[in-house]
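# Chain and residue survey
Next come the chains, spelled out residue by residue.
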Amino acid sequence: MATTTPDLARPEFLAAPIPGREGLISVDNPATGEKLGEVPALDASQVEQIVTQAKVAQRGWGSLSAKDRAARMHSFFDAIIAHQDDLSRLMVAEQGKPLAEAKGEVAYAASFVSWFADEGLRAYGEVIPAPQADKRILVLKRPIGLAAAVTPWNFPLAMITRKVAPALAAGCGIVVKPSELTPFSAMALQQLAIEAGIPEHLFAVVTGHAKSVGPVLTGHPDIAKFSFTGSTAVGKLLTAQCASTMKRVSMELGGNAPLIVFDDADIDMAVEGTIMAKFRNSGQTCVCANRILVQDGIHDKFVEALTARAAALRVGNGLDGVTEQGPLITEQATTKVAEHVADAIRRGAKATTGGTAHEAGGRFWTPTVLTGATSEMRLAYEETFGPVAPVFRFRDEREALAMANDTRSGLAAYAFSADIDRFWRVCESLEVGMIGFNTGAFSSEVIPFGGVKESGLGREGSKHGLDEYLELRMICLGMKGEN
Ligand SMILES: NC(=O)c1ccc[n+]([C@@H]2O[C@H](COP(=O)([O-])OP(=O)(O)OC[C@H]3O[C@@H](n4cnc5c(N)ncnc54)[C@H](O)[C@@H]3O)[C@@H](O)[C@H]2O)c1
Ligand SMILES: O=C[C@H](O)CS(=O)(=O)O
């Protein structure tokens, strides 16, 4: 499969200062294009001051008991839930997802806070039987210290709490740079944390241009841990930047998820699973099915059913309460989706529904199903990040697995079949971190979320997410023998 050279420039996110308003970043509503407001574009010295404040706050926080930290985190959880409606509407305004999905994300974001409040109570150390009679060996789990994080726009709250919650539970402080596209959700979260009793400065949100803030968070000697969620291209860049101070890094990066439908699949389950895995957040999630692989025997029936469901998805402003597909985040995102569809059609694909921008105009795209997709098309080896379901045909299981694994990504995959032996063969062969089998949705706070290959390093959520913010300290105690 062809690969593309990552474009590290990514002008759409290294937003140049607005002439005359260098100190501010303008934020708009992707559904209407209207300006929502402006946030300060902090410079490096301002970020360094915030890092220093967070470092001081971390010392006090790390010395609290796990139980005391847990109590304050549960208050933080309560505050998020108490403001679910306001946070949801704010999220729709700045990110565009439908209100129902936004409410779901607020609950999802809050679940990491309650989950890790309790996981922090179980950061058990070890006592190891010493090989010598005059020694005793202990292993402590200690907070790594001060963390920093950079997060994406597509889940403006959950991608932040999936880092902030384990950091706080471990006894760390954390400085977060949210996407320039969705800063208000992050700022609201910070305010709720302070109101809930999380010490001021301990969880700090810094708004600013990536090229000003990034080098401080990846290069500051007082920051021991760096956690990033975003594109693989930027993840590679930031991982390299962290090397100069040997920070512990966590990387949650891009995906190219295959979704495989075998001849023996329950077709209704496969169609509904594909709708969920493909069109959630208008196709703008890292675990979205990017390639739909369908076996020859079920292909035509599946395409007919998927086309009907996709064509029925309601496109509009997420605040109207009935919309199922909101806008794409930027004009550049819409242009990329249009380019992927045009390239596929030029190379022989056919749209069974959609295939064009939506009549609503702006950043809206019509939910699209393409047949006749092949591995030479850009949408086969690039993450489309939009509501486009390209259907590829395959003959047998061996061919399906070869197609599924033909990518440098390895975040998520999905498969639909009624055969339990095939379940094991497929799940043991797919080169990914997470699999949905007979389901198109698996994300929750209890799973180890993350990928392999170029989709990331480490895991978030589950019991594993806490270890990303803890260090092991071995202590060997020498003892005198009895006189
Ligand atoms: N694996 C996961 O859990 C996960 C979750 C959500 C999104 N993603 C991925 O993120 C991408 C979409 O999000 P995005 O468009 O915001 O990604 P992005 O990489 O463009 O931006 C992510 C964050 O990085 C910042 N950034 C960009 N360039 C930077 C630089 N040079 N220095 C410092 N910071 C920089 C951005 O401002 C933003 O805050 C997709 O590839 C998606 O798959 C992955
Ligand atoms: O896009 C990235 C998110 O991690 C998606 S999910 O809601 O966690 O599945």
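Residues numbered from 1 in each chain as written. Chains lettered and ligands numbered in written order. Predicted model: local features only at pLDDT ≥ 70, side-chain atom pairs only at ≥ 80, totals over all residues. Heavy atoms only, no water.

### Some words on the pattern of salt bridges
The tally for this structure, following the rule as stated, stands at 29 salt bridges. Linking E468 and K225 is a salt bridge whose minimum nitrogen-to-oxygen distance equals 3.2 Å. In this pair, E468 sits in the loop between α15 (464–467) and β18 (470–478) while K225 sits in strand β8 (residues 223–229), placing the two residues 243 residues apart along the sequence. A relative accessible area of 0% places K225 in the buried class. Salt-bridge contacts for E454 lead to R408; the nearest nitrogen and oxygen are separated by 3.3 Å. Separated by 46 residues along the polypeptide, E454 in the loop between β16 (434–437) and β17 (456–457) and R408 in the loop between α13 (397–405) and β15 (412–416) bring together distant segments of the chain. Residue R408 is classed as partly exposed on the basis of its relative accessible area, which comes to 44%. Here the salt bridges share partners, and the residues they tie into one network are D264, E397, R422 and R425. (Salt bridge = Lys/Arg side-chain N within 4 Å of Asp/Glu carboxyl O. Helix = DSSP H or I, 4+ residues; strand = E, 2+ residues; numbered from the N terminus. Buried < 20%, exposed > 50% of the residue type's maximum accessible area, 1.4 Å probe, protein only.)

### A closer look at the confidence of the model for the chain
Low pLDDT marks stretches whose predicted atomic positions should not be read closely. Predicted confidence across the chain gives a mean pLDDT of 95, with 95% of residues reaching 70 or more. Note on residues 1–19: pLDDT under 50 across the span, and 36 contacts to partners over four residues away in sequence or across chains. If you check the scores for this complex, the pTM reads 0.95 and the ipTM reads 0.97. (pLDDT = per-residue confidence, 0-100. Contact = heavy atoms within 4.5 Å.)

### Side note on the pairing of strand β4 (residues 135–143)
Two elements, strand β3 (residues 126–128) and β4, share three bridges in a ladder whose sense is antiparallel. Note on β4: the bridge partner recorded for E126 is V139. Hairpin remark: β3 followed by β4, antiparallel, with six residues in the connecting loop. Sheet analysis places β4 next to β18, joined by nine bridges and oriented antiparallel. (Pairing = 2+ DSSP bridges.)

### Notes on the site of ligand 2
The environment of ligand 2 is formed by Y108, N154, F155, M159, R162, R280, T285, C286, V287, S443 and F449. Between ligand 2 and N154 there is a distance of 2.9 Å, counted from an oxygen atom to a side-chain nitrogen or oxygen. Here an oxygen atom of ligand 2 and a side-chain polar atom of R162 are 3.2 Å apart. Alone, ligand 2 offers 280 Å² of accessible surface; in the complex the protein occludes 98% of this. (Near = heavy atom within 4 Å. Polar contact = N/O pair within 3.5 Å; in protein donor to acceptor, adjacent residues only side chain to side chain. Areas by Shrake-Rupley, 256 points an atom, 1.4 Å probe, with all protein chains shown as cover.)

### Remarks on the packing of helix α3 (residues 84–95) against helix α6 (residues 183–195)
Running from amino to carboxyl end, α3 crosses α6 at an angle of 155 degrees, the nearest separation of the two axes being 8 Å. Considering the angle they form, α3 stands roughly antiparallel to α6. For the pair formed by α3 and α6, the contact residues are L87, L90, M91 and E94 on the first element and P183, F184, S185, A188 and L192 on the second. Here the contact of α3 with α6 is composed, by residue class, of seven nonpolar, one polar and one charged. (Axes fitted to C-alpha atoms, helices over the stretch in contact; angles between N-to-C directions. Parallel < 35°, antiparallel > 145°, perpendicular 65-115°, else oblique. Nonpolar A, V, L, I, M, F, W, Y, C, P; charged D, E, K, R; others polar.)

### Examining helix α7 (residues 210–219)
All of the buried residues in α7 are V213, G214, V216, L217 and T218. Those residues of α7 that are buried are in contact with α1 (44–62), β5 (146–150), β6 (173–177), β8 and α8 (232–242).

### A look at the sheet that holds β3
Taken together, three strands build an open sheet; the order of strands is β3-β4-β18 and the sheet is antiparallel. Single-partner strands in this sheet number two, and they are β3 and β18. Strand-to-strand, the axes of this sheet are offset by a mean angle of 20 degrees, without reference to chain direction.

### Thoughts on the domain arrangement of the chain
Each assigned domain of the chain is listed here: domain 1 (23–253 + 455–473) and domain 2 (257–447). The gap between the C-alpha centroids of domain 1 and domain 2 is 30 Å. In total, domain 1 and domain 2 occlude about 2300 Å² of area from one another, counting both sides; carbon and sulfur atoms represent 58% of this. In terms of surface lost to domain 2, no three residues of domain 1 exceed P30, W153 and S455, which account for 21% of the buried area on that side. Where domain 1 packs against domain 2, one counts one salt bridge. Between R363 and D28 there is a salt bridge, with its nearest N and O atoms 2.6 Å apart. Remark: the boundary between domain 1 and domain 2 carries eleven residue pairs in polar contact (both at pLDDT 80 or more). For the side of domain 1 that touches domain 2, the element with the most residues is helix α4 (residues 99–119), which contributes six residues. (Domains from an automatic or database assignment. Buried area = accessible area lost by both parts, 1.4 Å probe.)

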